[in-house]
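# Working through the structure, step by step
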Amino acid sequence: MGSHSKHISDIDFNCLNRKSNLDHASKKLYDLIVIGGGITGAGIAMDATLRGLKTLLIEKNDFASGTSSKSTKLIHGGLRYLKQFEFGLVRESGLERRVAHNNIPHLVHPEKMLLPIVKGGSFSRLTAAMAIGVYDVLANVESEDRKQTMNRAEVKAHEPLLKESTLKSGILYSEYRTDDARLTIELIKHAKRHGAEVFNYCELTEFNYKDGLIRGINARDHFSDIDVTFSGRHVVSAAGPWVDSVRMKEDATKNKALFLTKGVHIVIPHTRLPIKSAVYFDAIDGRMVFAIPRGRVTYIGTTDTPYDGNLDKIVCTKQDASYLLDCVNNAFNIERLTIEDIESTWAGLRPLISEAGKSPSELSRKDEVFISDSGLISIAGGKLTGYRKMAKRVVDLLCEKEKNLECAPCLTESQAIHVNSYTDYDAFEKDVSKTVRQYESTLSEHRIKHLLSTYGLNGHLILENALAVKNSNIEEALLLSELDYCLTYESAVFPIDFINRRSSRLYFDVYSIHQHLDLIIDKFCNFYKWDASRKQKIHKQTIALIKDATVIN
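Let me begin by describing the structure that accompanies this report.

## Some thoughts on the sheet that holds strand E12 (residues 235-237)
Spatial strand order, E8-E3-E2-E12-E20-E19: 6 strands in an open sheet with mixed pairing. Because the sheet does not close on itself, it has two edges, and the strands there are strand E8 (197-200) and strand E19 (367-371). Going across the sheet, the axis of each strand differs from the next one's by a mean of 15 degrees, ignoring polarity. Relative to strand E20 (residues 377-381), E12 runs parallel, the two sharing 2 bridges. The partner of Val236 across the bridge, within E20, is Ile377.

Right under this line is the structure:
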């Protein structure tokens, strides 16, 4: 297990020298320019950089600000895809769970999932046992983690809140839970540590061509309000829901390749749905929905509805929330949940490959690569769990296509992604237990777990720096120390970057945001030396973004 100290073993990653960094990057010739800082783009940048390719990544908003912070936050094989006979997808995703768990243990947690078998449900006891048996084999699940069939009494003992009237039996099986945004940011940081240039809030404006082939891009940097030109031999678009928009910048006559569907999750206090473990249960319309406990909350999702609205403002509507609440109220014997119980929400888009005649839930979650006549490589579709294999396919393609590139073999299958990594999950769990005992009179178990499962061993640095502040409110000191870390080492540009994607407090500890919002904004203003006018504007924008996640219209 790595050691911890007050001196972090990481490189600075912030915007304090933004203009000079952009100027430096604009003078280079890159082997690869990646458009999009979600999980797929981050994975491609990391893979390419580790193979020795000179790589640049730009993201028009914050890293993981699109789909990659809006998933169900599971590294899972996708049990439901067996219904569509997508055995290859299930096998690849299932095997990748273990890879992710080994590569970054503090972010990928084993999670027992209960599948209740109910009257009139999606699965019978036989079909569920067969499906999960196949799932365990395809995913090469270790014997102690393989499915456990349960009779009705055993299911009730495991999860007493399930309604008895329709319950028949159940199956307990193994998945992994993660923080999708944190995983994306750790991939970005790993790529940067190995030489990639990376800029969030830097937006593609147009492609540059030579002899009919793309040889670079123009971009607008929204932090410093300047235009910049980057040169590159190859450009990959991993822009998620914006893949079609990027393709049309190159050729406005192109047909849409994507079918977008919206997925919504709601967050309620765990006390209102105090389930003991994650549950994958039947919805009210033939679909399946997850309820997942996480610290002081339980989150529920997801929906799957066609979307053709504003790609930059996706929110949970009353209709979305009511659907999920109805699903929970129908399945669990609890005091009826209402919209007033919801603390926060998130809504994201799935960039699925369009197929005529299929409903949203029937569309494949496979990824697909498109190559244009001018050489633009676009990748779309796919799942969070498959990010590493998607990245490998793209970089393999690039290396095969361009014989002049000197590409090392892919190195991402066994790669300690965190700068100061735990050796394995057992080391992480032992450190959490030890730290909880060490500080039990100072901090709650919830806060310790948040620090170490969010920042890994660097959580100790954050904690020690907070405790070094004399005569302070420990919660405030801890928040300020967390902010220092994210501002200095994680390219947090605006308050929402910290509130949402660096700390996940917007979803899992929203009251701490309401309580300390002024403190957070002051910290950003002091760090970047923003004046009163800029501060007022940032405050207004931040309030609006928090409302998008906490107010349901």
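## Re the packing of helix H10 (residues 425-438) against helix H11 (residues 445-455)
It is the contact of H10 with H11, at a shortest axis distance of 10 Å, that shows an interaxial angle of 145 degrees. Both H10 and H11 take part in a crossing whose hand is right-handed. Across the interface between the two elements, Phe428, Asp431, Val432, Thr435 and Val436 from H10 touch Glu445, Ile448, Lys449, Leu452 and Ser453 from H11. Looking at the contact of H10 with H11 residue by residue, the class counts come to 5 nonpolar, 2 polar and 3 charged.

## Looking at the environment of Thr67
With respect to the secondary-structure elements, Thr67 resides in the loop between strand E3 (55-59) and strand E4 (74-75). Expressed as a C-alpha distance, the spacing of Thr67 and Arg350, which sit 283 residues apart in the sequence, is 6.8 Å. Ignoring anything within four residues of it in the chain, the contact list for Thr67 reads Asp180, Pro241, Leu349 and Pro351. A distance of 2.5 Å separates a polar atom in the side chain of Thr67 from the backbone oxygen of Leu349.

## Comments concerning the layout of surface pockets
Approximately 730 Å³ is the volume found for the second largest pocket. Every residue lining the second largest pocket is counted, 32 residues in all, and those nearest its centre are Arg177, Arg294, Gly295, Lys449 and Ser453. Put simply, the parts of the chain that give the lining of the second largest pocket at least two residues each are strand E5 (108-118), strand E7 (167-178), strand E15 (288-294), H10, H11 and helix H15 (505-508). Here the element with the most residues in the lining of the second largest pocket is H11; it accounts for 7 residues. Grouping the amino acids of the lining of the second largest pocket by side-chain chemistry returns 8 nonpolar, 11 polar and 13 charged.

## Let's talk about helix H8 (residues 318-331)
Relative to the 20 Å expected for 14 residues at 1.5 Å per residue, H8 spans 20 Å between its end C-alpha atoms, a close match to the ideal helical length. Of all the residues in H8, the buried ones are Asp320, Ala321, Tyr323, Leu324, Leu325, Cys327, Val328, Asn329 and Ala331. The elements touched by buried residues of H8 are strand E13 (258-269), strand E14 (278-282), E15 and strand E16 (297-301).

## Quick notes on the packing of helix H13 (residues 474-489) against helix H16 (residues 510-528)
Packing of H13 against H16 brings their axes to within 11 Å, and their N-to-C directions diverge by 35 degrees. Like other packed secondary-structure pairs, H13 and H16 cross with a definite hand, here right-handed. Here Glu476, Leu479, Leu480, Leu483, Asp484, Leu487 and Thr488 of H13 lie close against H16, whose contacting residues are His516, Leu519, Ile520, Lys523, Phe524, Phe527 and Tyr528. Residues belonging to the contact of H13 with H16 are distributed by class as follows: 9 nonpolar, 2 polar and 3 charged.

Parameters at a glance
Residues numbered from 1 in each chain as written. Predicted model: local features only at pLDDT ≥ 70, side-chain atom pairs only at ≥ 80, totals over all residues. Heavy atoms only, no water. Pairing = 2+ DSSP bridges. Helix = DSSP H or I, 4+ residues; strand = E, 2+ residues; numbered from the N terminus. Axes fitted to C-alpha atoms, helices over the stretch in contact; angles between N-to-C directions. Left-handed = near helix turned anticlockwise from the far one by under 90°. Contact = heavy atoms within 4.5 Å. Nonpolar A, V, L, I, M, F, W, Y, C, P; charged D, E, K, R; others polar. Polar contact = N/O pair within 3.5 Å; in protein donor to acceptor, adjacent residues only side chain to side chain. 1 Å grid on protein atoms, 1.4 Å probe; cavity = no way out; pocket = protein on both sides within 12 Å on 5 of 7 lines; lining within 4 Å. Points joined across faces, edges and corners; volume = space filled by probe spheres on them. Expected span 1.5 Å × (residues − 1). Buried < 20%, exposed > 50% of the residue type's maximum accessible area, 1.4 Å probe, protein only.

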